[in-house]
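Structure assessment
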Amino acid sequence: MYLNNLINLFYSNLRVLKIDGPYGAPAQDYKDYEVVLLVGLGIGATPMVSVVKDIVNNIKAKEEKENALEDGTISQKNKLSPTREHEFKTKKAYFYWSTKEQNTLGWFKDVMDEVAEIGKNDVIEIHNYCTSVYEEADARSSLITMLQSLYYAEKGVDIVSGTRVKTHFARPIWRKVYKKIADNHKGSKIGQSC
């Protein structure tokens, strides 16, 4: 009886604590850029996935606020804190994740599927690379790519990763990646986190 009273007393005096993050040091200033390039290798992608999740949450909060303003139903829940609203400048994010093993592509399945499902691909582009598969021009990977494309067209799921984000094979060709981003965002200050 005494223990139950002690537990009830303890839980009745708890305060709500909200923690935002975690963010690794390389990613902490991404909100200062309109365009960001996030690069993760293997499990080192974890801080970048946190940034992707934060971008999704900021976009959702902005949309909720805009919808509430249109409806005239703005509430405390729909308000971004002034500092958070002011800080968030990101309009486009590119996330490149390169991993050796196919089974690791499922580690962040929930986040990748959420980005694909809520249609944020116009803001967030995710590119997964499985480096243990042959180069893209190789006949073996061409066959996998063909089967992958057919399955993706029918089911909307990548046969390699099990996510709604298609997997590329080999390593990213960084020169092409940088050129594409530079061409798409001429004159923009682009932040990169690895």
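Brief notes about the overall build of the chain
On a plain count of helices and strands, the chain comes out with six helices and five strands. Along the chain, helices (α) and strands (β) appear in the sequence α-β-α-α-β-α-β-α-β-α-β when read from the amino end. Here the chain holds 194 residues, and the buried ones make up 38% of them.

Looking at helix α2 (residues 46-71)
Taking 1.5 Å per residue, 26 residues should reach 38 Å; α2 reaches 37 Å between its end C-alpha atoms and fits that length. Three or more residues of α2 are buried, namely Met48, Val49, Ser50, Val51, Val52, Asp54, Ile55, Val56, Asn58, Ile59, Ala61 and Ala68. Looking one or two residues past α2, glycine 72 carries a phi angle of roughly 75 degrees, positive in sign.

Some remarks on unusual backbone geometry
Notably, alanine 170 is not glycine yet its phi reads approximately 70 degrees, a positive angle. Note on placement: alanine 170 falls in the loop between β4 (167-169) and α6 (174-184).

Description of the environment of leucine 105
Following the sequence through the fold, leucine 105 ends up in the loop between β2 (92-99) and α4 (109-117). Judged by its relative accessible area of 0%, leucine 105 is buried. The sequence separation of leucine 105 and glycine 42 amounts to 63 residues, and the corresponding C-alpha distance is 9.0 Å. Apart from the residues lying within four places of it in its own chain, the contact partners of leucine 105 are Trp97, Thr99, Met112, Asn128, Cys130, Val160, Ser161, Thr163 and Thr167.

What about a nonpolar patch on the surface?
A contiguous nonpolar patch, built from Leu143, Met146, Leu147 and Leu150 and spanning about 410 Å² of accessible area, is present on the exposed surface. With respect to the helices and strands, methionine 146 occurs in helix α5 (residues 139-155). Given the relative accessible area of 47%, methionine 146 is considered partly exposed.

Considerations on the pattern of salt bridges
Applying the stated criterion across every chain, the model contains nine salt bridges. Lysine 179 is paired through a salt bridge with aspartate 183; the nearest N and O atoms lie 2.9 Å apart. Placement of both lysine 179 and aspartate 183 in helix α6 is noted, with a separation of four residues, approximately one turn of the helix. Between lysine 186 and aspartate 183 there is a salt bridge; the shortest N-O distance is 3.7 Å. Lysine 186 sits in the exposed class, given a relative accessible area of 66%. The exposure class assigned to aspartate 183 is partly exposed, which follows from its relative accessible area of 37%. Via salt bridges that share partners, Lys53, Lys60 and Glu114 belong to a single interconnected network.

Describing the side chain of lysine 92
Checked against the element boundaries, lysine 92 lands in strand β2. Under the relative-accessibility criterion, lysine 92 is labelled buried at 11%.

Some points on α4
Three or more residues of α4 are buried, namely Val111, Met112, Asp113, Glu114, Val115 and Ala116. The secondary structure elements touched by the buried residues of α4 are α2, β2 and β3 (124-130).

Thresholds, definitions, all that
Residues numbered from 1 in each chain as written. Predicted model: local features only at pLDDT ≥ 70, side-chain atom pairs only at ≥ 80, totals over all residues. Heavy atoms only, no water. Helix = DSSP H or I, 4+ residues; strand = E, 2+ residues; numbered from the N terminus. Buried < 20%, exposed > 50% of the residue type's maximum accessible area, 1.4 Å probe, protein only. Expected span 1.5 Å × (residues − 1). Contact = heavy atoms within 4.5 Å. Patch = residues over 30% accessible without salt bridge, like charges linked within 9 Å, V, L, I, M, F, W, Y side chains within 5 Å. Areas by Shrake-Rupley, 256 points an atom, 1.4 Å probe, with all protein chains shown as cover. Salt bridge = Lys/Arg side-chain N within 4 Å of Asp/Glu carboxyl O.

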